[in-house]
Amino acid sequence: MIGALLAVALAAFVAAAGGAAAGGAAPRPVVVVDPGHDLRANLSTEPIGPGSATRKIRDGGGTRGVVSGVREAELVLAVSLRLRSLLERAGVKVVMTRTRTARTSMGNIARARIANRAGARLFLRVHADGASNPSASGTSVLVPARRTGWTDDVYGASRGAAALLLEETGRALGLPARGVVERSDFTGFNWSDVPVALVELGFMTNPAEDRLLTSARGRAAAALGLCRGTLRFLGRDPARCG
C-alpha cells in the first residue's frame, strides 16, 4: 500500500514538474543593436569577408547634418538607445555594440562578431544616409547579397527582416521608401552568421530630413518604427512597442 502511494505521489510530482517546464517563460530573443560609427573614423583595413584578400577600411566616419551639424554617430546612438528601451519593455534581450560616442570605431568585423557571439535573432545596424545631392530623400534598408560560404545562410532571413523594417520605419517617419538594397561589399554583412539588416533612416544631407531626424519627435518615430519592424520579424505583436 505504501509503495502504491509513493508511486502515485511520484507520478504526480513528475507531471507537475513537466507542466511547469512546459508553461515556463520562453527564453527572450536576442537582438543586437549596432549604432553606426563612433567618435572617430578608423581608416585601418580589414578583410571584406572570411578568407578574402580584398580589404576595406574599418569605418569611414559617417555623415553630418547639413542644418543641425549633428554627427551621424550621435544621431544613431540616440535612436538606438531609445530603441533598446522599447525592445526591452517588449520582452526582447538587447545587446548594444556601443553605448557611448567616445572612441575610434571598432570596425565592422568586430561588430559582426558581437552579434555572432550573442546568437542574435537579428543584427540590426542603425545608420543615416548622406549624398552630394541635397534633394536625395527617404529610408532604405541594406542587406547582404547572396554569396555561398559567406551570406547564403542568412540571406533569406535578412531580406525578410529588411522588408518589415523598411515598411515600419518609413511609415513612422513619414519618409518615402527607397527599397531594400543588396550589398556584397559590406564587411559587417559578410562576417555575420546571423540575419542582418542596415537601416538608413533618412538623409542628413537633406535639410528637411536632417531637421526631422535630429528632432525629439523624429528620434522617437525612428525608434518606434525600428521596434515595430523588429517585433514583426520576431513574430511578436508590434503594438508592444507602444
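Heads up: the structure comes first, above all this text.
Chemist: Even after reading the chapter, I still don't get the packing of aromatic side chains, so can you show me in this structure?
Modeler: Two descriptors summarise a pair of aromatic rings, namely the distance from one centre to the other and the angle between the planes of the rings. Throughout the structure, instances matching the rule amount to 1 aromatic pair. A ring pair is formed by Phe 186 and Phe 189, whose centres lie 5.1 Å apart and whose planes are at 35 degrees; its orientation type is tilted. With a relative accessible area of 15%, Phe 186 lands in the buried category. Lying over the aromatic face of Trp 150, Arg 147 brings its terminal NZ or CZ to 3.7 Å of the ring centre.

Chemist: So what exactly am I meant to see when it comes to the environment of Asp 237 here?
Modeler: Mapped onto the elements, Asp 237 comes out in the segment after helix H7 (216-233). Take Asp 237: its relative accessible area is 46%, and that puts it in the partly exposed class. When the C-alpha positions of Asp 237 and Ala 90 are compared, they lie 8.9 Å apart, and in sequence the two are 147 residues distant. A distance of 2.9 Å separates the side chain of Asp 237 from the backbone nitrogen of Ala 239, its partner in a polar contact.

Chemist: What should I look at first to understand the state of the cysteines in this one?
Modeler: Chemically, a disulfide is nothing more than a covalent bond linking the sulfur atoms of two cysteines. The full count for this structure, using the stated rule, is 1 disulfide. Between the sulfur of Cys 227 and that of Cys 241 lies a disulfide, 2.1 Å long from S to S. In this structure, the disulfide formed by Cys 227 and Cys 241 twists by about -85 degrees around the S-S bond and is classed as left-handed. Remark: Cys 241 occurs in the segment after H7 and Cys 227 occurs in helix H7; sequence separation between them is 14 residues. A relative accessible area of 5% means that Cys 241 is categorised as buried.

Chemist: Looking at this model, I keep getting lost on H7. Mind explaining?
Modeler: Owing to its 3.6 residues per turn, the α-helix aligns residues three or four sequence positions apart on the same side. Between its terminal C-alpha atoms H7 stretches 26 Å, which fits the 26 Å expected from 18 residues at 1.5 Å a residue. Three or more residues of H7 are buried, namely Gly 218, Ala 221, Ala 222, Ala 223, Gly 225, Leu 226, Cys 227, Gly 229, Thr 230 and Leu 231. On the buried face of H7, the contacting elements are strand E1 (30-35), helix H2 (72-89), strand E5 (122-129), helix H4 (155-173), strand E8 (196-203) and helix H6 (207-214). The first or second residue beyond H7 is Gly 235, which carries a positive phi of 80 degrees.

Analysis parameters
- Residues numbered from 1 in each chain as written.
- Predicted model: local features only at pLDDT ≥ 70, side-chain atom pairs only at ≥ 80, totals over all residues.
- Heavy atoms only, no water.
- Phe/Tyr/Trp six-rings, centres within 6.5 Å; stacked < 30°, edge-to-face > 60°.
- Buried < 20%, exposed > 50% of the residue type's maximum accessible area, 1.4 Å probe, protein only.
- Lys NZ or Arg CZ within 6 Å of the ring centre and 35° of its normal.
- Helix = DSSP H or I, 4+ residues; strand = E, 2+ residues; numbered from the N terminus.
- Polar contact = N/O pair within 3.5 Å; in protein donor to acceptor, adjacent residues only side chain to side chain.
- Disulfide = S-S within 2.5 Å.
- Expected span 1.5 Å × (residues − 1).
- Contact = heavy atoms within 4.5 Å.

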